Amino acid sequence: MASSDRSPGPMPPGNGAVPPGKPMTIGQHVLDKGAQMLQTLKPIKQMSQHVCTFAAYSHDMTRQIQTHHFVHRLNQDFLQCAVYDSDAPDARLIGVEYIVSERTFETLPPEEQKLWHSHAHEIQSGLWVNPRVPEMVLKSELNDLAKTYGKFWCTWQVDRGDRLPLGAPALMMSPQEVNLGIVRAELVKERDRKYNICTDDLKKSRVDILGPEMMNPFADYWKKTGKGFANGIEQIQMKLRAPFP
Amino acid sequence: MEEVNRSTHPEVPGEPTQTGTSILEKATATIQGFHPINKIHQHLCAFHFYADDMTRQVEAHHYCGHQNEEMRQCLIYDSPESDARLIGVEYIISEGLFMTLPDEEKPLWHTHLYEVKGGVLFMPGVPGPVQRKDLEKICKTYGKTIHFWQVDRADPLPLGLPQIMMAFTREGQLYENLTQDVEKRYGVSYHNERENRAYMEGPAHGIHPLANAAGKGLKTVLKETDCKPADTVPRVFV
């Protein structure tokens, strides 16, 4: 059946909009505003950081994307991020990333650790940025985050041309300092131009940021093994408690 | 058999957030833009079950934003509180968009007809007549839900593979103690809502036979693949 490393099949091209669909009606806008005023929406008000960085598909690391993480910290060792493909209001929700400290990561079994990636390189090299925030404000936070590990599932492969979220969720990997982990220069240039920053300068100012005390051997699985992961979705007998559907 | 509701906020392992970190994050929250998040305008409370196991059911708090009239994208949390865990995502599309999906994709999507007409899906805090204006639209839609954190088995962290989730399609599937708990907390009655929603209609073409996992179960399976191009990755012999 479905697999994260294979497109499920064609969809009608329509007008090319991603996603396709009619524009919002006035009635819907009014409904939305009404709901927004009456509901507290607490969980989503907890996001405290916007991070722009890059990621690659574990099953095909030649596919590299720019990501926008909206980060909610639950405690000193755990963060949860809603990931979008841009920071504009029409950004598409492309997945979720969880970030844990070195301490928490080391409690996970190796089979789980293989699904995670390190953040040290991405932060040290200046690829990971918080748009609009002065570097010096971030220094201590970056020092902490450089020692963390992340688990990132992508649910909408927009870069593949999917106009709706198709297929199985795909595991993502982080930029690294060697071959398949190196982010293409033109992607970085485009990002820098948009935010009027210079990734190379950030790298120089972050030279004293250190990664984990001991880089975990199972994270960034592809580096040692040359292997990635794809998710397949298979049909099985559902365990029931009542007839379905 | 009653389902034990274990998603009662066991602590996520870790030290409490340090003051310095907190202060810094208050600053970033003020300085930075959060446009995609600001688009989220609606809280929906519903239940999902695992596509391979109907006996495992999860209360799901959806925070939704419209991409256009026919498509919403939602963040799913295990509670409506400020320490809620982000457990998954759901995409909601019109019947029209569902019909354009490749046949291989359709089973990953579920219908909302029963949940809406059964009173199970609702908008906390919004008066009935107001919410029904939106729910009558949701009644006709299809959703694709993926959970990453299996809080119902008390996982302290988001472990394992992503799970495709399904929605309830008829009476007798959803555990009563789960619904009674929600009804008590929110002061709502699913039964009363059913009468108010009797007028609503589902998809114009009826429920597509391939939707709702085509009536079967679905399971995620991890496969190792070769990095391409494989010969460019240095092998380190440990």
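Placed above this text is the structure.
Residues numbered from 1 in each chain as written. Chains lettered and ligands numbered in written order. Predicted model: local features only at pLDDT ≥ 70, side-chain atom pairs only at ≥ 80, totals over all residues. Heavy atoms only, no water.

Novice: Mind laying out the overall build of chain B, listing which residues take part and the relevant values?
Specialist: The helix and strand inventory of chain B stands at seven helices and eight strands. Across its three principal directions, the C-alpha atoms of chain B cover 65 × 45 × 40 Å. Within chain B, the proportion of its 238 residues that are buried is 60%. Across chain B, the fraction of contacts at a sequence separation of at least 24, relative to all contacts at a separation of at least 6, is 66%. Here chain B has roughly 9,200 Å² of accessible surface; of this, 55% comes from carbon and sulfur atoms. Taken together, the 24 basic and 33 acidic charged side chains of chain B have centroids lying 3 Å from each other. (Helix = DSSP H or I, 4+ residues; strand = E, 2+ residues; numbered from the N terminus. Buried < 20%, exposed > 50% of the residue type's maximum accessible area, 1.4 Å probe, protein only. Contact = heavy atoms within 4.5 Å. Areas by Shrake-Rupley, 256 points an atom, 1.4 Å probe, with all protein chains shown as cover. Lys, Arg positive; Asp, Glu negative; His and termini not counted. Charge placed at Lys NZ, Arg CZ, Asp CG, Glu CD.)

Novice: Let's hear about the nonpolar core: which residues, and what values?
Specialist: Within soluble globular proteins, side chains that are nonpolar generally end up buried alongside one another. Grouped together as the largest cluster of nonpolar side chains are 111 residues, with contacts concentrated most on A:Tyr84, B:Leu75 and B:Ile93. Setting aside residues up to four positions removed in sequence, A:Tyr84 forms contacts with A:Thr67, A:His68, A:Phe70, A:Ala91, A:Arg92, A:Leu93, A:Ile94, B:Pro36, B:Ile37, B:Ile40, B:Gln73 and B:Leu75. Counting 14 residues, the second-largest nonpolar core is a separate cluster that includes B:Ala46, B:Cys64, B:Val126 and B:Ile138. (Core = buried A, V, L, I, M, F, W, Y, C linked by side-chain atoms within 4.5 Å.)

Novice: How would you summarise the interface of chain B and chain A if you had to cite specific residues and measurements?
Specialist: Taken together, the contact pairs 118 residues of chain B with 113 residues of chain A. Interface of chain B and chain A: buried area, both sides summed, is about 10,100 Å²; carbon and sulfur atoms make up 61% of it. Broken down residue by residue, the surface that chain B buries against chain A is led by B:Gln32, B:His41 and B:Glu104, which jointly contribute 6%. Between chain B and chain A we count five salt bridges in total. (Buried area = accessible area lost by both parts, 1.4 Å probe. Salt bridge = Lys/Arg side-chain N within 4 Å of Asp/Glu carboxyl O.)

Novice: Give me the packing of aromatic side chains: which residues, what numbers.
Specialist: This structure, assessed with the given rule, holds 15 aromatic pairs over all chains. For the pair A:Phe78 and A:Tyr98, a centre-to-centre distance of 6.1 Å together with 35 degrees between the ring planes defines the contact as tilted. In this pair, A:Phe78 sits in strand 3 (residues 78-84) while A:Tyr98 sits in strand 4 (residues 93-100), placing the two residues 20 residues apart along the sequence. A:Tyr98 matches A:Phe78 in its accessibility class, with the two residues each being buried. Taken together, A:Phe70, A:Tyr84 and B:Phe34 form an aromatic cluster joined through their ring pairs. Positioned above the aromatic ring of A:Tyr57 is the side chain of A:Arg63, whose terminal nitrogen or guanidinium carbon lies 3.9 Å from the ring centre. Sitting over the ring of B:Trp149, B:Arg85 keeps its end group 5.4 Å from the ring centre. (Phe/Tyr/Trp six-rings, centres within 6.5 Å; stacked < 30°, edge-to-face > 60°. Lys NZ or Arg CZ within 6 Å of the ring centre and 35° of its normal.)

Novice: Go over the pattern of salt bridges with me, naming the residues and quoting the values.
Specialist: Counted according to the given criterion, the structure contains 32 salt bridges over all chains. For B:Glu70, the salt bridge goes to A:Lys22, with nearest N and O atoms at 3.8 Å. One end of the pair, B:Glu70, is in the loop between strand 2 (53-68) and strand 3 (71-77); the other, A:Lys22, is in the segment before helix 1 (26-38), on a second chain. Among the residues examined, B:Glu70 registers a relative accessible area of 15% and is labelled buried.

Novice: Hey, could you go over the environment of A:Asp200 for me, with residue numbers and the actual values?
Specialist: All names here are of chain A. Along the chain, Asp 200 falls in helix 7 (residues 199-205). The exposed category is assigned to Asp 200, whose relative accessible area is 52%. The spatial distance from the C-alpha of Asp 200 to the C-alpha of Thr 25 is 45 Å, given a sequence separation of 175 residues.

Novice: How would you summarise the pairing of strand 6 (residues 149-154) of chain A if you had to cite specific residues and measurements?
Specialist: Residues and elements named next belong to chain A. Across the six residues of strand 6, six count as buried, placing the element largely inside the fold. Residues of strand 6 alternate between two faces, with Tyr 149, Lys 151 and Trp 153 on one and Gly 150, Phe 152 and Cys 154 on the opposite face, all of them buried. Direction of pairing for strand 4 relative to strand 6: antiparallel, over a ladder of six bridges. Residue pairing across strands places Gly 95 opposite Cys 154, the latter belonging to strand 6. With two bridges joining them, strand 5 (residues 117-118) and strand 6 adopt antiparallel strand pairing. Each bridged residue has a counterpart across the sheet, and for Ser 118 the counterpart in strand 6 is Tyr 149. Sheet analysis places strand 6 next to strand 7 (residues 170-173), joined by three bridges and oriented antiparallel. Among the inter-strand pairings, Phe 152 is bridged to a residue of strand 7, identified as Met 172. (Pairing = 2+ DSSP bridges.)

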